[in-house]
Amino acid sequence: MLSDVTTPQDLDDRFRETLAALPAAERRRDPADPVTDDAPLTGAQLLDLFDAQVTSRQLDLAGRWLRSFGEGFYTIGSAGHEGNAAVAAALRPTDPALLHYRSGAFYCVRAAQITADPAPTAEREPPAEPAEPEPDGPAPPAGGFAAYAGAARDVLRGMVASRQEPIAGGRHKVFGRADLAIVPTTSTIASHLPRAVGMGLAVERLRRLDSAGRRAGPGVRVGSGAGAEHAPWPPDAIVVCSFGDASVNHASATAAFNTAGWYDHAGLRIPVLFVCEDNGLGISVRSPEGWVEATLRARPGVRYLAADGADPVQAYAVAAEAAAWVRRHRRPAVLHLRTVRLMGHAGADAESAYRSPAELAADLDRDPVAATARLLVDAGVATGEELLARYDETGWQVRRLAEEVLGEPKLASAADVVSALAPRRPVRVARAVADAAARASGPGAGARAEAFGGKPPELAGALTLAQSINAALADGLLDHPQMAVFGEDVAAKGGVYGVTKGLRDRFGPARVFDTLLDETSVLGLGLGAGLAGMLPVPEIQYLAYLHNAEDQLRGEAATMQFFSQGAFRNPMVVRVAGLAYQEGFGGHFHNDNSVAVLRDVPGLVVAVPARPDDAAPMLRTCLASAAVDGSVCVFLEPIALYHTRDLYAEGDGEWLAGYPEPGAWVAGHVPIGRARVYRVGSADDLTIITFGNGVRMSLRAAAVLAEEGVGTRVVDLRWLAPLPVADIIREASATGRVLVVDETRRSGGVGEGVIAALVDAGYVGAARRVAGVDSFVPLGPAARQVLVSEEAITDGARTLLAR
């Protein structure tokens, strides 16, 4: 009698009963023959799929066993979804895959494919394109459990958080391995779909490159951003991305499907195969009957196909048809794979609270592993007794491996945990800047002069912040042929504030292009492009718009190296126009001063250039760090300073600065995490620590204080993450009085981090904060009531000096 919760014991018992009850076929079938007259799979191939499914099932059972005595830390299993083994078999092992967390059988098949074909991908000729709808990939490999032992060990190591787990090294249980072209994904629902679209766009761009190096212009690299350890993807690769049915309702999924369809409608190619594994449940919430099919069918520009995950022959045939169509037409499609969920959402899930015993029994009747066994027996490929022997042998081998990995070391220190988070190699970054300078003044001098129309920016006189950023972007595009600048209005219009003006005309629409108006998709395109070997520089038009999409930075971009130990990278420099003080224009969406969410993301670099002569070297540093270390950088540009020319008096031009010639780039290099210090008067009485718009206001306030005999040091942080702690402590200790001028909000603002750094360092002098009010920025003159002013800075300084 089935209980009201499907336990591991229930599942095992039911499977054994099913196999025991299967009558033997009247005759044995040659395993080399198709399992049915018109089936695309032979008996041997179906038996291999069965072995992969059984391995995945036994891994799920082992996960529950490990959890039962406190040694397993992840029990979201793949039971009921083993039909995805057929999807893996229909693909090529070099097709990059971003997998749903119920993809155990897919992972087993992919790992066995690589084991069976050890030749490096780059050395292998891609298979000839089959005629539709014939299978579009290699058949599943033979070999019983031995073919899947490596995959089983990988998964078990993830379950026990072993530091020897091959992708995350004990940081999380994910499906991923560079040599399998499987990109690890987080558990954030649907957050990997926008990246998949970006990968598809990048893969198609790389496919069009010259075959002798596959380059679009000099220097465009192909393959993953992971470096030499990862073989490049073949030019006709497609991206596969799997997800659960509940995910179709998520904003990230909607953004991804919309973007894929938008580009398809515009005539651009996105070779992505989405795979929706539909078990009808999002934990306890049911997908309404017919909803998933209706919403997937309604996606314009995305072809819909469907298959039953409990029918391995049909699943393979439809998956092969879908893969062949996407590969041939370079267009997106979605495979709707109907599945069931066995043993609940995870180990602690009490299904009896929301599902009836009849529902649980109905799911067991559709067990895909039992369905494959039934087909094998009916076809005369094997008997139920023989399949049960394979099941038990696999179970014994999985348990043996589980006992082995239990003794493997785990991450034992904070240093171990963060070692893969965001590597910093400042010497190499500085060397990269020096190499760029040498190229710009040497072999690339002619191309540079031509790009700037014969008048390079160093000969253009004093520049504004916007002009300096524009020139630095142009130099970046010249030095990094794999770099692309894109976002809303950046190409034809040249940006809302003219920062990217003229770049598309100089470098072409393939490298400077407009996107649709969706920040999640803009960042997703960047994530996929970076993974594919490009150097993306997406623009978010306003800081407030970033909040719609910030999980693409936190959950996806910043975690990639953390969850892959650097095997995969998504280098990216995200330009964001932000902060407040726009006069005559605004409201809180165009004058947003909230950066707390950025400073809270581990490993993220946050740069805020205030002066034109800082903007160019800081942008060069971000580009070099992204290229060298795979860094994810946010380049936050103060809108109100874009076109500012004067500092103290109208017409003084003291906020302008010349653009350095390449020969001066090395001397002017700005390392990540280093501040800039301005000395006004004696500079002995007060230290003002600030950034962005606060730099100009503080310098003006310091001039007023100088007339009162007060000498001030104004410290421009320049980098909000990581903070320039050493510079903060040194300059604070020099005067013993610190005024923190923070244009963000008092709660959660940058000033809190500065004060905490002082306290942690044992600073014993006086300190005071001037910060924005905890409010959204209102429209018009009312904004002055909640933002930091020069008067507030001078008043705060006088109060501090009077102590």
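Residues numbered from 1 in each chain as written. Predicted model: local features only at pLDDT ≥ 70, side-chain atom pairs only at ≥ 80, totals over all residues. Heavy atoms only, no water.

(A) A look at the side chain of Glu488. As for its placement among the helices and strands, Glu488 is situated in the loop between β9 (483–487) and α17 (503–507). Buried Glu488, no salt bridge; nearest opposite-charge side chain is Arg575, N-O distance 12 Å. Within polar-contact distance, the side chain of Glu488 engages the backbone nitrogen of Asp518 at 3.3 Å. Discounting chain neighbours no more than four positions away, the residues touching Glu488 are Asp514, Thr515, Leu516, Leu517, Asp518, Glu519, Val522, Glu539 and Gln541. (Helix = DSSP H or I, 4+ residues; strand = E, 2+ residues; numbered from the N terminus. Buried < 20%, exposed > 50% of the residue type's maximum accessible area, 1.4 Å probe, protein only. Lys, Arg positive; Asp, Glu negative; His and termini not counted. Salt bridge = Lys/Arg side-chain N within 4 Å of Asp/Glu carboxyl O. Polar contact = N/O pair within 3.5 Å; in protein donor to acceptor, adjacent residues only side chain to side chain. Contact = heavy atoms within 4.5 Å.)

(B) Structural context of the packing of aromatic side chains. Applying the stated criterion across every chain, the model contains 11 aromatic pairs. Judged by centre distance (5.3 Å) and plane angle (75°), the rings of Tyr542 and Tyr545 are edge-to-face. Classification of Tyr542 by relative accessible area gives buried; the value is 3%. Arranged with centres 5.4 Å apart and planes meeting at 55°, the rings of Phe562 and Phe563 form a pair that is tilted. Assessed through its relative accessible area of 12%, Phe563 is described here as buried. Taken together, the aromatic side chains of Tyr497, Tyr542, Tyr545 and Tyr642 make up a single cluster linked through ring pairs. Over the ring of Trp65 we find Arg399; its NZ or CZ atom is 4.0 Å from the centre of that ring. Here the guanidinium or amino end of Arg611 rests over the ring plane of Trp655, the centre of that ring lying 4.2 Å away. (Phe/Tyr/Trp six-rings, centres within 6.5 Å; stacked < 30°, edge-to-face > 60°. Lys NZ or Arg CZ within 6 Å of the ring centre and 35° of its normal.)

(C) Representation of the packing of helix α1 (residues 8–20) against helix α11 (residues 368–378) in the model. Running from N to C, α1 and α11 cross one another at 15°; their axes reach a closest spacing of 10 Å. As judged from the angle between their axes, α1 and α11 are roughly parallel. Handedness of the crossing formed by α1 with α11: right-handed. Here Phe15, Thr18 and Leu19 of α1 lie close against α11, whose contacting residues are Val369, Ala370, Ala373 and Arg374. (Axes fitted to C-alpha atoms, helices over the stretch in contact; angles between N-to-C directions. Parallel < 35°, antiparallel > 145°, perpendicular 65-115°, else oblique. Left-handed = near helix turned anticlockwise from the far one by under 90°.)

(D) Representation of the pattern of salt bridges in the model. Counted according to the given criterion, the structure contains 46 salt bridges. A salt bridge links Arg92 to Asp236, with the nearest nitrogen and oxygen atoms 2.8 Å apart. One end of the pair, Arg92, is in the loop between α3 (84–90) and β1 (97–98); the other, Asp236, is in the loop between α6 (193–207) and β3 (239–244), and 144 residues separate them in sequence. For Arg92, a relative accessible area of 4% translates into the label buried. The exposure class of Asp236 is buried, given its relative accessible area of 17%. Among the salt bridges present, the one from Glu404 reaches Arg400, with a minimum N-O distance of 2.8 Å. With Glu404 and Arg400 both in helix α12 (residues 384–406) and 4 residues apart, the pair spans about one turn of that helix. Overall, Glu404 belongs to the partly exposed group, its relative accessible area being 37%. Among the charged side chains, a salt-bridge network with shared partners connects Arg674, Arg679, Arg713, Asp727, Arg730 and Glu731.

(E) Structural view of the sheet that holds strand β19 (residues 737–745). Taken in spatial order, the 5 strands make up an open sheet running β15-β17-β16-β19-β20, and their pairing is mixed. Each edge of the sheet is formed by a strand with only one pairing partner; in this case those strands are β15 (676–680) and β20 (766–772). Adjacent strand axes in the sheet meet at a mean angle of 20° when their direction is disregarded. Direction of pairing for β15 relative to strand β17 (residues 712–716): antiparallel, over a ladder of 5 bridges. (Pairing = 2+ DSSP bridges.)

(F) Up close: the layout of surface pockets. Looking at the largest pocket, its volume works out to about 790 Å³. Along its surface, the largest pocket is lined by 31 residues, and Tyr581, Gln582, Glu583, Ala640 and Arg784 are the ones closest to its centre. For the lining of the largest pocket, the secondary-structure elements that each account for two or more residues are α24 (693–707) and α27 (790–801). Its residues assigned to classes, the lining of the largest pocket shows 14 nonpolar, 10 polar and 7 charged. (1 Å grid on protein atoms, 1.4 Å probe; cavity = no way out; pocket = protein on both sides within 12 Å on 5 of 7 lines; lining within 4 Å. Points joined across faces, edges and corners; volume = space filled by probe spheres on them. Nonpolar A, V, L, I, M, F, W, Y, C, P; charged D, E, K, R; others polar.)

(G) Quick look at helix α10 (residues 357–365). What α10 keeps buried is the set Leu360, Asp363 and Leu364. Seen end-on, α10 carries its buried residues on one side only, within an arc spanning 100°. The secondary structure elements touched by the buried residues of α10 are α1. (Arc of directions from axis to C-beta.)

The analysis is restricted to geometry; functional conclusions fall outside its scope.
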